[in-house]
Amino acid sequence: MGLQISPLQQARAGYRPNLPKALRGGSIGVAFGAPTEPASDREEIRRLFPNTYGQPAVTLVAGDGLQAAPLKVGVVLSGGQAPGGHNVIAGVLDALKAAHPESRLFGFLKGPAGIIKGKGRELTPELVDAYRNTGGFDMIMSGRDKIEKPEELAACKKHFAEMGLDGLVIIGGDDSNTNAAVLAEYLKTEGCPTCVVGVPKTIDGDMKNEQIEASFGFDTAAKTYSELIGNIARDATSAVKYWHFVRLMGRAASHVTLECALQTHPNIALISEEAQARGTTLEQIVNYIVEVVVRRAEAGRNYGVVLVPEGLVEFISDFRVLIDEVSAILGADERYIHGLPDHSERLQYLNTRLTAESARVYGTLPRDIQEVLLRRDSHGNVPLSQVETERLLIDLVSDRIRLLQSRGQAEAVKFSALSHFFGYEGRCAAPSNFDADYTYSLGFAAAQLVRARLTGYTANVRNMTKPADEWVAGGTPVTMMLNLERRKGVLTPVIKKALVDLGGRPFTEFAERRDRWAIGDEYVFPGPIQYFGPSEVCDAPSITLALEKA
Ligand code: FBP
């Protein structure tokens, strides 16, 4: 039996994504803006990127055409999956072929490691057609390797020269786009003509700034989770006996949690950035949840929905200090610590290196969380998707309620809690119309940047709360988005993550309404993503983007 596809997939395969008007005609040109600078750490970033620092922002315009020469371009998917990745590739291919039918596209396999090893395959129109408007990164797969060591950079240069590659499109998040800048700078220094262009991907929604309105995949992932949260809220009000604690992906920023809260109106949504701004401790968070549980029980509602952002632990003051201390220790002793024979020896060793307060906080954690906090990915991040914060909170809230009840308080409370983690469930969802259009446009724009021989840029599409006719595409120099951050104890140039802005409309709307949502049952049930039907049902952007651009 051949590859099976569902009737919906079949119908969806025929969807033709919308493009910004300027990208629709045969002839496309580039308009250059003023030279750019990063918001901070200018001198150090200029020193690290002497050849690509200060490049102008660019806008793609109709007419005044770029040369129509056949090009060879490579593409790679990097980091966590995000809905729409395949459409970026389709956009690159269609743009290259439209400019010159002899242009060719190569996909490097399993992320940046594929570039280092020179492992790839040609992406023909026949192959790409099977993946249009689908979720996932399975066309060429992804990986989290980083191209940073001199021998890795040299290997890339060698493969590019052998292939005669004119350009490379790196589809990734903040770390991968930073990597694009490093590679672009290296290739330029070495006199290698391959241009490197990034595309802003991450369901976390934290790769955005003045020019990049949203990272792709956020819209679809948040809508998928919101559907599930709505279903859970409906179950909660039907069964009237469970508290559901839902942890939502988003390694650092709480954009996904905030968007899902605006979509579904849960009883509690914790926002990491607020916890950080207030210096909130874990105990204070537990007290807040207990207070809502008690008030709802007194109103006859022993059920509810709590949203917990994945990154929370990194923003709670006592945890933040602990994680920074562990990172510094790992920076010096990682091999030694992981060479220790068992958990108790690692614990013992850490106790001799951590400050007394951090050792105390570490000691209160369950063993599995202690172990996860000792791991870092290739970019120096704690793998937070493996920290079960929702279970930790359930345990701590249960303990506190038991204590209150032993004192004859909180008698109306019957606390029965269930935990959920929504992350992987949404990262490979079929892209919403918004993400399908946005990603195809990003791919199309990235190909134009390569055609214009621009390097060290991230493709962008702006004006996205308007119909696609009014969208504007272009490129942002990566160095403009860099700042210095401590990674594994070392100051490193990285793209500044956009955290939830506590003064911004999405958060203030939420903050104004959350007390009502806490006690009443004001849930909203968004239902599944729709592709066919009225535009207000099928094409609306995320609430976050709509409020930010209102
Ligand atoms: P990116 O930043 O690479 O887009 O990944 C985002 C993410 O989905 C986070 O939300 C999550 O913490 C992480 O990936 C999970 O990583 P992994 O895919 O390695 O399990």
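In this text, all values refer to a predicted model and were calculated from it rather than measured experimentally. (Residues numbered from 1 in each chain as written. Predicted model: local features only at pLDDT ≥ 70, side-chain atom pairs only at ≥ 80, totals over all residues. Heavy atoms only, no water.)

1. Digging into the pairing of strand 3 (residues 72-77)
Working step 1: Of all 6 residues that make up strand 3, 5 are buried, and the element is covered over most of its length.
Working step 2: Here strand 3 runs beside strand 4 (residues 104-108); their pairing, made up of 4 bridges, is parallel. Across the sheet, the residue bridging to Val73 is Leu105, located in strand 4.
Working step 3: Regarding topology, helix 3 (residues 85-99) serves as the crossover connection from strand 3 to the parallel strand 4, and that connection is right-handed. (Buried < 20%, exposed > 50% of the residue type's maximum accessible area, 1.4 Å probe, protein only. Helix = DSSP H or I, 4+ residues; strand = E, 2+ residues; numbered from the N terminus. Pairing = 2+ DSSP bridges. Right-handed = clockwise from strand over helix to strand, strands pointing away.)

2. Concerning the domain arrangement of the protein chain
By a frequent convention, interface size equals the accessible area lost on bringing the separate parts together.
Working step 1: Each assigned domain of the protein chain is listed with its residue range as follows: domain 1 (28-60 + 71-217 + 431-495) and domain 2 (222-425 + 504-548).
Working step 2: On a C-alpha basis, the centroid separation for the pair domain 1 and domain 2 is 32 Å.
Working step 3: Facing the 18 residues of domain 1 at the interface are 26 residues of domain 2.
Working step 4: The junction of domain 1 with domain 2 conceals about 2000 Å² of combined surface from both sides, 53% of it contributed by carbon and sulfur atoms.
Working step 5: Applying the counting criterion to the domain 1 and domain 2 interface returns 1 salt bridge.
Working step 6: Of the charged contacts in the structure, one is a salt bridge between Lys208 and Glu548, with a shortest N-O distance of 2.8 Å.
Working step 7: Summed over the shared surface of domain 1 and domain 2, the number is 4 residue pairs in polar contact (both at pLDDT 80 or more).
Working step 8: Of the residues assigned to the side of domain 1 that touches domain 2, the class counts are 4 nonpolar, 4 polar and 10 charged. (Domains from an automatic or database assignment. Contact = heavy atoms within 4.5 Å. Buried area = accessible area lost by both parts, 1.4 Å probe. Salt bridge = Lys/Arg side-chain N within 4 Å of Asp/Glu carboxyl O. Polar contact = N/O pair within 3.5 Å; in protein donor to acceptor, adjacent residues only side chain to side chain. Nonpolar A, V, L, I, M, F, W, Y, C, P; charged D, E, K, R; others polar.)

3. Description of the packing of helix 11 (residues 282-298) against helix 20 (residues 505-519)
Working step 1: One way to put it is that helix 11 packs onto helix 20 with a least axis distance of 8 Å and a crossing angle of 50°. Between helix 11 and helix 20, the crossing angle belongs to the class labelled oblique. Residues Tyr288, Val292, Arg295 and Arg296 of helix 11 touch helix 20, and the partners they reach there are Arg514, Trp517, Ala518 and Ile519.
Working step 2: Here the contact of helix 11 with helix 20 is built from residues that sort into 5 nonpolar, no polar and 3 charged. (Axes fitted to C-alpha atoms, helices over the stretch in contact; angles between N-to-C directions. Parallel < 35°, antiparallel > 145°, perpendicular 65-115°, else oblique.)

4. Regarding the sheet that holds strand 13 (residues 472-477)
Working step 1: One open sheet holds the 9 strands; their spatial order is 1-2-13-12-7-6-3-4-5, and the pairing between them is mixed. In the strand order of this sheet, the two ends are held by strand 1 (28-35) and strand 5 (120-122), each with one partner. In this sheet, adjacent strand axes meet at a mean angle of 25° when their direction is disregarded.
Working step 2: Examined bridge by bridge, strand 1 and strand 2 (residues 56-62) share 6 bridges and lie antiparallel to one another. Across the sheet, Val30 pairs through a bridge with Leu60, a residue of strand 2.

5. Re the side chain of Ser327
Working step 1: In this fold, Ser327 is placed in helix 13 (residues 317-339).
Working step 2: There is a polar contact of 3.1 Å between the side chain of Ser327 and the side chain of Arg376.

6. What about the packing of aromatic side chains?
Working step 1: This structure, assessed with the given rule, holds 10 aromatic pairs.
Working step 2: Where Phe507 meets Phe510, the ring centres are 5.9 Å apart and the plane angle is 55°; that geometry is what we call tilted. Of the two residues, Phe507 and Phe510 are both situated in helix 20; the distance of 3 residues between them amounts to about one turn of the helix. For the residue pair Phe507 and Phe510, the accessibility class agrees, reading buried in each case.
Working step 3: Ring centres 6.4 Å apart and planes at 65° place the aromatic pair Tyr531 and Phe532 in the edge-to-face group.
Working step 4: Among the aromatic residues, those joined into a cluster by ring pairs are Phe434, Tyr438 and Trp471.
Working step 5: In this structure, Arg12 packs its charged tip against the face of Tyr15, placed 4.3 Å from the ring centre.
Working step 6: For Arg234, the ring lying beneath its charged end belongs to Phe525, and the centroid distance is 3.6 Å. (Phe/Tyr/Trp six-rings, centres within 6.5 Å; stacked < 30°, edge-to-face > 60°. Lys NZ or Arg CZ within 6 Å of the ring centre and 35° of its normal.)

7. Details of the site of the ligand
Working step 1: What surrounds the ligand is a group of 14 residues, the closest being Gly80, Arg144, Asp204, Glu310 and Tyr424.
Working step 2: With respect to the ligand, the side chain of Glu310 contributes an N or O atom lying 2.5 Å from an oxygen atom.
Working step 3: Computed on the free molecule, the ligand has an accessible area of 490 Å², of which 85% lies beneath the protein chains in the complex.
Working step 4: Across the shell around the ligand, the residue classes break down as 3 nonpolar, 5 polar and 6 charged. (Near = heavy atom within 4 Å. Areas by Shrake-Rupley, 256 points an atom, 1.4 Å probe, with all protein chains shown as cover.)

8. Some words on the pairing of strand 8 (residues 243-248)
Working step 1: By the criterion of burial, strand 8 is predominantly enclosed, with 6 of the 6 residues buried.
Working step 2: Burial along strand 8 is two-sided: Trp243, Phe245 and Arg247 and His244, Val246 and Leu248, pointing in opposite directions, are all buried.
Working step 3: Sheet topology places strand 8 next to strand 10 (residues 304-309); 6 bridges connect them, and they run parallel. Within strand 10, the position partnered with Val246 by the bridge is Leu307.
Working step 4: One ladder, built from 6 bridges, connects strand 8 with strand 11 (residues 417-422); its direction is parallel. Bridging from a neighbouring strand, Leu248 pairs with Phe422 of strand 11.

9. Points about the sheet that holds strand 10
Note on sheets: strands pair through backbone hydrogen bonds, and any given pair is parallel or antiparallel.
Working step 1: What the 4 strands build is an open sheet, ordered 9-10-8-11; its pairing is parallel. Both outer strands of the open sheet, strand 9 (268-269) and strand 11, are each paired with one neighbouring strand and no more.
Working step 2: Relative to strand 10, strand 9 is paired through 2 bridges, and the arrangement is parallel. The residue of strand 10 that forms the bridge with Ala269 is Leu307.
Working step 3: With respect to the sheet, helix 8 (residues 218-239) is in contact with strand 8, strand 10 and strand 11, its orientation differing from that of strand 8 by roughly 170°.
Working step 4: Packing of helix 11 onto the sheet brings it into contact with strand 8, strand 9 and strand 10, and relative to strand 8 it is tilted by some 145°.

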